[in-house]
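# Examining the three-dimensional arrangement
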Amino acid sequence: ACQFMVDELAQRGPAGSSKLARHKYGYRVFQRLLEHLLPQQTEQLVEGLMTECVTLSMHRFGTYVMQHVLEYCTDAQHARVIAAL
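Residues numbered from 1 in each chain as written. Predicted model: local features only at pLDDT ≥ 70, side-chain atom pairs only at ≥ 80, totals over all residues. Heavy atoms only, no water.

Let's shift gears to the pattern of salt bridges. If you walk through the whole model with that rule in mind, you get four salt bridges. Among the ionic pairs, Arg80 bridges to Glu47, the shortest N-O distance being 2.8 Å. Here Glu47 lies in helix H4 (residues 39-49) and Arg80 lies in helix H7 (residues 75-84), a separation of 33 residues in the sequence. Taking the relative accessible area as the measure of exposure, Arg80 reaches 41% and is therefore partly exposed. (Salt bridge = Lys/Arg side-chain N within 4 Å of Asp/Glu carboxyl O. Helix = DSSP H or I, 4+ residues; strand = E, 2+ residues; numbered from the N terminus. Buried < 20%, exposed > 50% of the residue type's maximum accessible area, 1.4 Å probe, protein only.)

Given below as structure tokens:
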């Protein structure tokens, strides 16, 4: 249902996910995507966050996205975030 949003963010590369996670309103959109998308769809989005995992975890809005990654994503994604931190 929301595949067009995943495609749009994927076109923008890894910076697209990170930028959305840091945006004043975009982080809320990102949280809802993580809650409602299939694991195959979130894989691309979370991959974009991995390059800035530590920075996002300390960011005013990005921290909420990273918490959602730990809550809603796969065990493999959890392990990557934890290893990066």
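Don't stop here, the text continues.
Where helix H6 (residues 62-72) meets H7, the closest approach of the two axes is 8 Å, and the angle between their N-to-C directions is 135 degrees. Between H6 and H7, the angle falls in the class oblique. The two elements H6 and H7 cross, and the hand of that crossing is left-handed. Judged by residue contacts, Met66, Val69, Leu70 and Glu71 of H6 engage His78, Val81 and Ile82 from H7. Here the contact of H6 with H7 is composed, by residue class, of five nonpolar, one polar and one charged. (Axes fitted to C-alpha atoms, helices over the stretch in contact; angles between N-to-C directions. Parallel < 35°, antiparallel > 145°, perpendicular 65-115°, else oblique. Left-handed = near helix turned anticlockwise from the far one by under 90°. Contact = heavy atoms within 4.5 Å. Nonpolar A, V, L, I, M, F, W, Y, C, P; charged D, E, K, R; others polar.)

So, about the state of the cysteines. Taken as a whole and assessed by the stated rule, the structure comprises zero disulfides. Between Cys53, a free cysteine, and Cys73, which holds the nearest cysteine sulfur, the sulfur-to-sulfur gap is 11 Å. Accessibility expressed as a relative area gives 2% for Cys53, which makes it buried. (Disulfide = S-S within 2.5 Å.)

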